[in-house]
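The chain contents come next:
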Amino acid sequence: MATKSILVLHGPNLNLLGEREPQHYGKQTLEDIDQALKTIASAKSIKLETMQSNSEGDLVNKIQSLSNDKVDFLIINPAAYTHTSVAMRDALSAVKVPFIEVHLSNVYAREPFRHHSYFSDIAVAVISGLGADGYIAALNFAINA
């Protein structure tokens with residue numbers, strides 16, 4: 001049986017987790033979150049890759065690469081690009097990899113501009129407001145999908 005593979009993409013400013021607005025995003029660092037995901041994946045013999053970029057182009061390129069570098073599932077926190085990136089949406093639609101959209105904060109309890117996502121309607125699911133546990137929930141779903 002082939003090993004299941006999952007990619008986790010983190011959008012802009014998530015490299016600042018632990019120091020940026022902890023009241024919204026928590027005190028865990030991105031490294032803490034990635035390590036927790038890798039520990040779970042390893043215990044289940046899942047191939048897991050994580051990537052963070054502040055560049056929309058880098059994220060689009062990585063998504064497009066999934067046409068050749070196949071993965072079984074994608075977990076993505078588009079961060080600020082959630083509300084602006086038609087380019088990332090188009091790339092996700094093109095590669096047809098099932099994905100879960102994750103947000104650390106409850107975007108619906110925040111500013112009105114955060115209530116709109118260019119990804120939610122094409123995602124398998126959306127997890128919002130669970131902090132770092134949202135990534136864990138998404139990973140558990142992806143493992144069992």
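Residues numbered from 1 in each chain as written. Predicted model: local features only at pLDDT ≥ 70, side-chain atom pairs only at ≥ 80, totals over all residues. Heavy atoms only, no water.

Some thoughts on the UniProt feature "site: Transition state stabilizer" (unreviewed entry) in the protein
Here is step 1 of the chain: The UniProt entry lists Arg20 under the feature "site: Transition state stabilizer" (unreviewed entry), expressed in the numbering used here.
Here is step 2 of the chain: Relative to the helices and strands, Arg20 resides in the loop between strand 1 (5–10) and helix 1 (22–25).
Here is step 3 of the chain: Arg20 gets classed as partly exposed once you look at its relative accessible area, which sits at 23%. (UniProt positions renumbered as here; feature names shortened; annotations may be inferred. Helix = DSSP H or I, 4+ residues; strand = E, 2+ residues; numbered from the N terminus. Buried < 20%, exposed > 50% of the residue type's maximum accessible area, 1.4 Å probe, protein only.)

Comments concerning the environment of Asn140
Here is step 1 of the chain: Within the secondary structure, Asn140 sits in helix 5 (residues 133–144).
Here is step 2 of the chain: Distance from Asn140 to Val124, taken between C-alpha atoms, is 14 Å for residues 16 residues apart in sequence.

Section: the nonpolar core
Proteins that are soluble and globular tend to have nonpolar side chains buried together.
Here is step 1 of the chain: In terms of nonpolar packing, the biggest core is built from 23 residues, with Ile6, Ile33, Leu37, Leu48, Ile75, Tyr135 and Leu139 touching the most fellow members.
Here is step 2 of the chain: At the level of secondary structure, the elements contributing two or more residues to this core comprise strand 1, helix 2 (30–43), strand 3 (73–77), strand 4 (99–103) and helix 5.
Here is step 3 of the chain: Broken down by element, this core gets its largest block of residues, five residues, from helix 5.
Here is step 4 of the chain: Aside from chain neighbours lying at most four places away, what touches Tyr135 is Val8, His10, Leu14, Ile33, Leu37, Ile75, Asn77, Val102 and Leu104.
Here is step 5 of the chain: If you look at the next biggest cluster of nonpolar residues, it comprises 18 residues, including Leu59, Ile63, Ala91 and Leu92. (Core = buried A, V, L, I, M, F, W, Y, C linked by side-chain atoms within 4.5 Å. Contact = heavy atoms within 4.5 Å.)

Section: the packing of helix 2 against helix 5
Here is step 1 of the chain: Packing of helix 2 against helix 5 brings their axes to within 10 Å, and their N-to-C directions diverge by 25°. In terms of axis orientation, helix 2 runs roughly parallel to helix 5. In the crossing of helix 2 with helix 5, the sense of the turn from one axis to the other is right-handed. Within the contact between the two elements, helix 2 uses Ile33, Ala36, Leu37, Ile40 and Ala41 and helix 5 uses Tyr135, Ile136, Leu139, Asn140 and Ile143.
Here is step 2 of the chain: Of the residues that constitute the contact of helix 2 with helix 5, the class distribution is nine nonpolar, one polar and no charged. (Axes fitted to C-alpha atoms, helices over the stretch in contact; angles between N-to-C directions. Parallel < 35°, antiparallel > 145°, perpendicular 65-115°, else oblique. Left-handed = near helix turned anticlockwise from the far one by under 90°. Nonpolar A, V, L, I, M, F, W, Y, C, P; charged D, E, K, R; others polar.)

Remarks on the pattern of salt bridges
Here is step 1 of the chain: Under the criterion given, the structure shown has two salt bridges.
Here is step 2 of the chain: Note that Glu49 and Lys62 form a salt bridge whose closest N and O atoms lie 2.8 Å from each other. Here Lys62 lies in helix 3 (residues 56–65) and Glu49 lies in strand 2 (residues 47–52), a separation of 13 residues in the sequence.
Here is step 3 of the chain: Classification of Glu49 as partly exposed rests on a relative accessible area of 35%.
Here is step 4 of the chain: Assessed through its relative accessible area of 18%, Lys62 is described here as buried.
Here is step 5 of the chain: A salt bridge links Arg89 to Asp121; the nearest nitrogen and oxygen atoms lie 2.6 Å apart. You can see Arg89 sitting in helix 4 (residues 86–95) and its partner Asp121 sitting in the loop between strand 4 and strand 5 (125–128), a full 32 residues away along the chain. (Salt bridge = Lys/Arg side-chain N within 4 Å of Asp/Glu carboxyl O.)

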